[in-house]
Amino acid sequence: MPTLLSPNDKKFTLTEKIDETPEVEVVRFRSADGQRLQFYPGMFIMIYGIDTATGKPALAKAFSIASIPDSDMLELFIVKQPGHTATTAGHVSYFYQASVGQDFYIRGEPQGQFRFDPRVNKKVLFLAGGTGLAPFMSMLRFIKEKDFDCDVALLYSIKFPTEVIRKQELSDLAASLKLKTTISVTRPQPNDGWKGETGHIDAGKIKRIAPDFMERSVYVCGPLAFVTAMRDALKALNVPAENIKVDVWG
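Read on for a plain summary of the structure. Worth saying up front: this structure is predicted, and the values here are computed from it rather than measured. (Residues numbered from 1 in each chain as written. Predicted model: local features only at pLDDT ≥ 70, side-chain atom pairs only at ≥ 80, totals over all residues. Heavy atoms only, no water.)

Attention now moves to the overall build of the protein. Along the backbone of the protein there are 5 helices and 12 strands. Computed over its C-alpha atoms, the radius of gyration of the protein comes to 18 Å, within 12% of the 18 Å expected for a compact globule of 250 residues. For the protein, the spread of C-alpha atoms along the three principal axes comes to 55 × 45 × 30 Å. Within the protein, contacts between residues at least 6 apart in sequence are counted, and of these 73% link residues at least 24 apart. Total accessible area on the protein is roughly 12400 Å²; 50% of this is exposed by carbon and sulfur atoms. Charged side chains in the protein number 31 positive and 29 negative. The centres of these two groups are separated by 2 Å. (Helix = DSSP H or I, 4+ residues; strand = E, 2+ residues; numbered from the N terminus. Rg over C-alpha atoms; globule rule 2.2 N^0.38 Å. Contact = heavy atoms within 4.5 Å. Areas by Shrake-Rupley, 256 points an atom, 1.4 Å probe, with all protein chains shown as cover. Lys, Arg positive; Asp, Glu negative; His and termini not counted. Charge placed at Lys NZ, Arg CZ, Asp CG, Glu CD.)

Structure below.
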């Protein structure tokens, strides 16, 4: 038996790896005991693996859940080679280099201030940066699964046009949910074929694309620099702090 961080940690087996974009991999797990994970859409988990050389657990790291509650499949979005600390890079390459069939462990229960309830949050604005799309995919999939009537505007910031995560599914969700989706590319390149929005999301862009932002609950998720910029933009727009929920990684 491997040495765990806690004897109550739940074992999940890596069942699928999808080479999603040049920078992102989608990984999927199933519970070893068949019990489904219970959580609110948008929450995150602490997950870790066991070092095969030492048999010791790696440091548990936080990842937002992209799949819906009570699913028999747990889905996460993983940055393949993040430019953060050596500890973070080693941890993520852990997933990237892991083999299907390898076991990982979820520590404790899902957590986070994103506890999205579409029966209450009927009009929302999602601001996503990179893999910060993950909690919003959980929310959108849940809205579709349960057939809730929600008014959702999504502003999604990525570096390159090739970095749209779950591109076809986003397009399908936009059609079925009447989702107002705007993808903004921050590093457009000559001849990349991108004809959509460009540049970082700022107060002006939020006001132009979601002019009724004051009527919406605002959720923000992405890397620290993105979240900081979004907080500043929302403050400049005088959005009340109580209307804003934030999740940050990195």
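Time to look at the sheet that holds strand β9 (residues 180-185). An order of β10-β9-β8-β7-β11-β12 is seen for the 6 strands of this open sheet, with the pairing classed as parallel. In the strand order of this sheet, the two ends are held by β10 (197-198) and β12 (244-249), each with one partner. Here 7 bridges tie strand β7 (residues 123-129) to strand β8 (residues 151-158), and the two strands are oriented parallel to one another. Following the sheet pairing, Gly129 is matched in β8 by Ser157. (Pairing = 2+ DSSP bridges.)

It is worth spelling out the environment of Gly204 at this point. Take Gly204: it is sitting in helix α4 (residues 203-209). Sequence separation between Gly204 and Ala62 is 142 residues; the distance between their C-alpha atoms is 32 Å.

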